[in-house]
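Each chain is listed here by its residues.
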Amino acid sequence: MRAALVLVAAATLTLAACGDKSAGGSGSGSESSSAATSGASGSSSSSAAPAGGDLAINPLVQIDIDGNEVEASTGTDAVSPAGDGSATCDGVSVAMAGALTGPNAALGLNILYGMQTALKEHNDANANCQVEIKQFDTEGDPQKATQVAPQIVSDASVIGLLGPAFSGETKATGTIFSQAGLLSLTASATNPDLTANGWTNFFRGLANDAVQGPAVAKYLTGSAGFSTVCVVKDNSDYGVGLAETITEGLGDAADPSCAADVKTGDKDFSATVQLIAGAEPDAIFYAGYYAEAAPFVAQLREGGVEAAFVSADGTNDPQFVDQAGSAAEGAYLSCPCGPAPEEFAATYESEHGQVPGVYSVEGYDLMTIILSGIDSGITDRAGLVEYVKNYQGQGLAREYQWDDNGELSSSLIWMYEVG
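Nothing here was measured: the structure is a model prediction, and the numbers come from that model.

Take the overall build of the chain next. When you go through the chain residue by residue, the secondary structure sums to 11 helices and 17 strands. Sorting the 419 residues of the chain into buried and exposed places 59% on the buried side. Sequence separation of 24 or more characterises 78% of the internal contacts of the chain that already satisfy a separation of 6 or more.

Written as structure tokens, this is what we have:
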């Protein structure tokens, strides 16, 4: 029987979930496109669950790699994208690359909307430095991303990239951006191997799955009290990598008899549900994205499986609740992303018509860092890479400072619950 989970006192926080999206093996949706605008593109996600009433994803506790609770930062001393209002620049733009259409578009849009919130603050305060966001839709598909990447690097106005968003597309395009010397600052790609490729231009703005896996595993077997867990993964770079670290961290609690593989795009999980029902675990951990997690948890509940449903940042988005409805209730979702402070959440919702989602805060924080580099007088790609390499500052989600490999010097994980 699991122990009761402790709810963090989060009166000033609202959801800004986060997760890495890689869609590693295959993509779906229409042909990718780019839009050189600073406005929103694609559809927006809603925070209302059609069959789940007022269900929402709520922050529970922040944990370290050992699964222990860590006091959360309030973000009250975060660097402002507005700066001092005296910046001057001309013809400078920042690219955003990620899924803006397709089944997991909400994850890319969350980052874009966070970027746009920071950009509006900056441009409103700096009349002589009007920066532009140029959007490049990859649909989260590695193959489409390789078609988009040359468009980004050939645009001389682009001095930095926030993205790619998913691990698979990041792996597929990393060498292109590295050879171009273009800053690649990701808000969401969490596969640990990405920083082992020798790319000196690549920086990760949140904890990777080598941190998330052990942290969540130890939390599940410790504070949550689960003794048997079925680990199910999709075939994306993200899902495969996360499942490996979770399984290793769970140790004997990971039941091999009900470990299962699914594919991105699957909608029928009956065979996996039957396998899990026979194992009678305490919990199921799903390593993948909300597009599959939502029908999966719905079919688990329809099949009489009452075990706790646990997933990570790929699922940690209001769209999971929208699509799963009441079946999402009680789900535990981890994320290296942080909840949104109340003031930011109110501004974000007024501008974009929806609450912050996974990676919204990271999109804001990382765009703020890029803008502060531009405001310091940087107008070239090499200068911006060097600026981020030596950056240290407080954001809404966390303090940002990177080691020589492009990983954060300090990385923590959040646990959330749908309720």
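Another aspect to go through is helix α9 (residues 342-352). Where α9 is concerned, the buried positions are F344, A345, Y348 and H352. On an axial view of α9, the arc spanned by its buried residues comes to 100 degrees, and they lie on one face. Projecting away from the buried face of α9 at angles above 90 degrees are the exposed residues E342, E343 and S350. Following α9 by one or two positions, G353 adopts a phi angle in the positive range, close to 75 degrees.

For a regular strand, side-chain orientation follows a simple rule: the groups alternate between the two sheet faces. Taking burial as the measure, the 6 residues of strand β4 (residues 93-98) include 6 buried ones, the bulk of the element. As for the winding sense of the linkage, the β-α-β connection from β4 through helix α1 (residues 105-125) to strand β5 (residues 132-137) is right-handed.

Glancing now at the packing of aromatic side chains. Scanning the entire structure with this criterion turns up 15 aromatic pairs. Ring centres of F269 and F296 lie 5.2 Å apart, and the angle between their planes is 45 degrees; this geometry places the pair in the tilted category. One end of the pair, F269, is in the loop between β10 (260-261) and α6 (270-279); the other, F296, is in helix α7 (residues 290-302), and 27 residues separate them in sequence. For the residue pair F269 and F296, the accessibility class agrees, reading buried in each case.

Most of β5 sits inside the fold, with 5 of its 6 residues counted as buried. Inspection of the sheet shows β4 paired to β5 by 6 bridges, in the parallel sense. Each bridged residue has a counterpart across the sheet, and for A95 the counterpart in β5 is K134.

Moving on, we come to the nonpolar core. Core analysis: the largest hydrophobic core is formed by 118 residues, its most contacted members being F285, F296, F320 and W402. Among the elements that make up this core, the one with the highest residue count is α1 (10 residues). With near-sequence residues (within four places) excluded, F320 lies in contact with Y290, A293, A294, V297, F309, T315, G325, A328, A331, L333 and V418. Among the nonpolar cores identified, the runner-up in size contains 10 residues, and A97, V148, I152 and L161 belong to it.

Note on placement: C129 falls in the loop between α1 and β5. Apart from residues lying up to four places away in sequence, C129 is in contact with A87, T88, C89, H122, N123, I374 and D375.

Secondary-structure assignment places P150 in helix α2 (residues 142-153). The class for P150 is partly exposed, based on a relative accessible area of 40%. P150 sits 30 residues away from A180 along the chain, and the two C-alpha atoms are 9.5 Å apart.

Further remarks concern the sheet that holds strand β9 (residues 229-233). An order of β3-β17-β13-β12-β11-β9-β10 is seen for the 7 strands of this open sheet, with the pairing classed as mixed. Of all the strands in the sheet, just β3 (57-63) and β10 have a single pairing partner and so form its edges. As paired elements, strand β11 (residues 283-287) and strand β12 (residues 308-311) share 4 bridges and run parallel to each other. By the bridge assignment for β12, F285 is matched with V310. Packed on one face of the sheet, helix α4 (residues 209-221) meets β3, β11, β12, β13 (332-335) and β17 (413-418) and runs near 55 degrees to β17. α7 contacts β9, β11 and β12 of the sheet and is inclined by roughly 170 degrees relative to β12.

Cut-off values and rules
The numbers attached to residues start from 1 for each chain and follow its sequence in the written order. In view of the model being predicted, local features appear only for residues whose pLDDT reaches at least 70, and side-chain atom pairs are presented and counted only at 80 or more, with totals across whole chains, interfaces and linings using the full set of residues. Side-chain calculation: all heavy atoms of the structure are included, whereas hydrogens and water are not. In this description a helix means any DSSP run of H or I spanning at least four residues, a strand means any run of E spanning at least two, and both kinds are numbered starting from the N terminus. For the exposure calls, accessible area comes from a 1.4 Å probe over protein chains only, and a residue counts as buried if that area is under 20% of its type's maximum, exposed if over 50%, partly exposed in between. In what follows, residue pairs with any heavy atoms lying within 4.5 Å of each other are defined as contacts. As used here, the arc is the angular range of directions from the helix axis to the C-beta atoms. Viewed with both strands pointing away, a crossover whose connecting path from the first strand over the helix to the second turns clockwise is right-handed. Classification of ring pairs rests on two measures: the distance between centres of Phe, Tyr or Trp rings, Trp counted by its six-membered ring, which must be within 6.5 Å, and the angle between planes, read as stacked under 30 degrees, edge-to-face over 60 and tilted in between. The rule for pairing is simple: two strands pair if DSSP sees at least two bridges between them. To qualify as a nonpolar core, a set must consist of buried Ala, Val, Leu, Ile, Met, Phe, Trp, Tyr and Cys residues joined through side-chain atoms within 4.5 Å. Lines are fitted to the C-alpha atoms to define the axes, a helix being fitted only along its stretch in contact, and any angle between axes, read from their N-to-C directions, falls within 0 to 180 degrees.

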